[in-house]
Amino acid sequence: MVPEHRPLIIDVAGIALTDDDRRRLVHPLVGGVIHFARNWESRAQMTALNAEIKSLRPDLLICVDHEGGRVQRFRTDGFTRLPSMRSLGEAWMQDPMRATQQASALGHTLASELRAVGVDFSFAPVLDLDYRNDAPTQAPALAAPRGGASGLGRPGTSRSSVIGDRSFHRDPRVVTLLAKSVMHGMLRAGMSCCGKHFPGHGYVKADSHVAVPVDRRSLKAILAEDAKPFEWLSDTLGAVMPAHVIYPRVDTRPAGFSCRWLKDILRGRLGFEGAIFSDDLSMEAGRYIEGRVLSFAEAACAALEAGCDLAMLCNRSVGGGEDLDAFLQDMEASRRAGRWHAQAASEARRRRLMPRA
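Residues numbered from 1 in each chain as written. Predicted model: local features only at pLDDT ≥ 70, side-chain atom pairs only at ≥ 80, totals over all residues. Heavy atoms only, no water.

Peer 1: Can you walk me through the overall build of the chain in this structure?
Peer 2: Looking only at helices and strands, the chain features eleven helices and ten strands. For the chain, with 357 residues in total, the buried portion stands at 60%. Expressed as a percentage of contacts within the chain between residues at least 6 apart in sequence, the contacts between residues at least 24 apart total 79%. Here the chain displays about 13800 Å² of accessible surface, and carbon together with sulfur accounts for 50% of that area. (Helix = DSSP H or I, 4+ residues; strand = E, 2+ residues; numbered from the N terminus. Buried < 20%, exposed > 50% of the residue type's maximum accessible area, 1.4 Å probe, protein only. Contact = heavy atoms within 4.5 Å. Areas by Shrake-Rupley, 256 points an atom, 1.4 Å probe, with all protein chains shown as cover.)

Peer 1: Just checking my understanding: could you explain the nonpolar core for this structure?
Peer 2: The tendency in soluble globular proteins is for nonpolar side chains to be buried as a group. Grouped together as the largest cluster of nonpolar side chains are 89 residues, with contacts concentrated most on Leu 25, Trp 261, Phe 327 and Met 331. Of all the elements, helix α9 (residues 296-306) adds the most residues to this core, at nine residues. Core analysis: the next-biggest nonpolar cluster, separate from the first, contains 17 residues, Phe 121, Leu 310, Leu 353 and Met 354 among them. (Core = buried A, V, L, I, M, F, W, Y, C linked by side-chain atoms within 4.5 Å.)

Peer 1: Would you take a moment to explain empty space enclosed by the protein for this structure?
Peer 2: Think of a ball as big as a water molecule: rolled over the atoms, this probe shows where empty space is left. Across all of its chains, the model carries one cavity of 30 Å³ or more by this definition. Quantified by volume, the largest cavity comes out at close to 30 Å³. Along the lines of polarity and charge, the residues of the lining of the largest cavity split into six nonpolar, no polar and two charged. (1 Å grid on protein atoms, 1.4 Å probe; cavity = no way out; pocket = protein on both sides within 12 Å on 5 of 7 lines; lining within 4 Å. Points joined across faces, edges and corners; volume = space filled by probe spheres on them. Nonpolar A, V, L, I, M, F, W, Y, C, P; charged D, E, K, R; others polar.)

In structure tokens:
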């Protein structure tokens, strides 16, 4: 008997469901929906949209990429304009304790406002380090740890990351403490949280939406700095999203398609037990494996077999949604053919992301 597993996160076309949206959302492999700015008109409209989604399937996880700063999908009709994560890192440099209070308040506001319109889950916070040239490298209230990672807060690094002001800080300890405060606020509002982009997207310059970033550092270097927040928060994070980045000294595959990164390191070495989402598989880097660009279904199968619990395909419902329909058909055919294997444990992890308070 095939275990129940609904691993696919898809999108809907507009501000109200179409018949095609309804048909796709009740597909047995669909486990959730992700909203974008195009799905937003007002609080009343979003509340009605999400209520209809839940009427189709109460177990569907309604998600949004809503971090604050430049990544905030809902900005009008009473939604608070949330500051960037970098602004919290800058506040830390002036008053660390006040910065953690601000971070908790931001997390609670973020989650409370989303939950008030029927959203279950946000892909936040970003745990990537800030490698911009002028990023502060040494937190004022944190001494160098004894016996810790030798590279923490190392000065003199000169990079310009696409992550930009989505990152809290250069120091992984500051990132961890501010992220934990944001997560505390989210959890107070009953919303789980997702750390991204494992094991760290901050060091590379390329944007994985349009290119394939490559980070040529060693595993030791990455684990000593960029992966530290994921390790330190492994028992608090409800979910993790891996980076669409290739780390060739560890694996030739991007992290989201790598058994070594997801099963051996994230789960085995760092002890993470929550859900693992693929990043958007419509990105160019999201389907590039070992020199070949895969189809959407091939990429989703590769992500699930590598250790992801959920595979996300965005922005394919617009303009008729033929790509999305083909994707759902191909995923069902791939399951029957054994190209990916349903996992009861993955389904349990998905369900644990539902709001609890």
